[in-house]
Amino acid sequence: MPKANPAIQTETLNLLEWPRLCRHLATFTATNLGTTAAQRLPIPTTREVSEALLAQTVETTQLESTVGGLKFGGIRDIGVALERAQVQAILSGDELLDIATTLSGTRQLRRQIDAQDDLPVLQALVADLRTFPELEQEIHRCIDDRGKVADRASDKLGRVRQQ
């Protein structure tokens, strides 16, 4: 099968107003990550991909009508912090707090999807999602709501600050 001419593909996407559709879709997103993903959404290239995306849309719409939609509260873009942690850089309190709130938001999102009986497509999407509640709790124990290291982070720190 010959490869499609990129100029023709771009022209076709413009005729379909795909970029405009993606920008419009981005206005409905609940997170910055969702906005970026919607704006960069590639057009499906196969019928199977189109059908999979349609199945996700149907289940999400179903969830919207039954429980008011998916809740993305607390989920932040922590990509840069995770990259820094990967190379063992020291993360700021704000970065750690963003990680903890993202873990919490992710856990709540997964719980919301798993609680439904009739969402096999969405449940498959979150099946391998790990939420690390112990890490979330440890960060909240050590970092306060302002992103500062709390006295309770260690006994020694608490004693030094008390003195």
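Only a predicted model underlies this, so the values are computations on that prediction, with no experimental measurement involved.

### Details of the overall build of the chain
When you go through the chain residue by residue, the secondary structure sums to 9 helices and 0 strands. In the chain, the succession of helices and strands from N to C terminus is α-α-α-α-α-α-α-α-α. In summary, the chain has a C-alpha radius of gyration of 21 Å against a globular reference of 15 Å for 163 residues, an excess of more than 25%. In terms of principal-axis extent, the alpha carbons of the chain reach across some 75 × 40 × 30 Å. Expressed as a percentage of the 163 residues in the chain, the buried residues total 25%. If you take every contact in the chain between residues at least 6 apart in sequence, the share linking residues at least 24 apart comes to 54%.

### Let's talk about the side chain of Gln 112
With respect to the secondary-structure elements, Gln 112 resides in helix H6 (residues 93-114). Assessed through its relative accessible area of 15%, Gln 112 is described here as buried. At a separation of 3.0 Å, a polar atom in the side chain of Gln 112 contacts the main-chain amide nitrogen of Lys 71. Leave out the neighbours within four places in its chain, and Gln 112 touches Val 67, Gly 69, Leu 70 and Lys 71.

### What about the packing of helix H2 (residues 18-26) against helix H3 (residues 32-39)?
The interhelical angle for the contact between H2 and H3, taken along N-to-C directions, is 170°, at an axis separation of 8 Å. Our classification of the angle between H2 and H3 gives roughly antiparallel. Seen along the crossing, H2 lies across H3 with a hand that is right-handed. Facing H2, whose interface residues are Cys 22, Leu 25 and Ala 26, H3 presents Thr 35, Ala 38 and Gln 39. Of the residues that constitute the contact of H2 with H3, the class distribution is 4 nonpolar, 2 polar and no charged.

### Considerations on the nonpolar core
Counting residues in hydrophobic clusters, the biggest one holds 10 residues: Ile 78, Ala 81, Leu 91, Leu 97, Ile 99, Ala 100, Leu 103, Ile 139, Cys 142 and Ile 143. Elements with a contribution of two residues or more to this core: H6 and helix H8 (133-142). The dominant element in this core, judged by the number of residues it contributes, is H6, at 4 residues. Discounting residues that sit within four places of it in the chain, Cys 142 has contacts with Lys 148, Val 149, Ala 150 and Ala 153. Grouped together as the second largest cluster of nonpolar side chains are 7 residues, Ile 75, Leu 109, Ile 113 and Leu 122 included.

Here is what the cut-offs are and how they apply
- Residues numbered from 1 in each chain as written.
- Predicted model: local features only at pLDDT ≥ 70, side-chain atom pairs only at ≥ 80, totals over all residues.
- Heavy atoms only, no water.
- Helix = DSSP H or I, 4+ residues; strand = E, 2+ residues; numbered from the N terminus.
- Rg over C-alpha atoms; globule rule 2.2 N^0.38 Å.
- Buried < 20%, exposed > 50% of the residue type's maximum accessible area, 1.4 Å probe, protein only.
- Contact = heavy atoms within 4.5 Å.
- Polar contact = N/O pair within 3.5 Å; in protein donor to acceptor, adjacent residues only side chain to side chain.
- Axes fitted to C-alpha atoms, helices over the stretch in contact; angles between N-to-C directions.
- Parallel < 35°, antiparallel > 145°, perpendicular 65-115°, else oblique.
- Left-handed = near helix turned anticlockwise from the far one by under 90°.
- Nonpolar A, V, L, I, M, F, W, Y, C, P; charged D, E, K, R; others polar.
- Core = buried A, V, L, I, M, F, W, Y, C linked by side-chain atoms within 4.5 Å.

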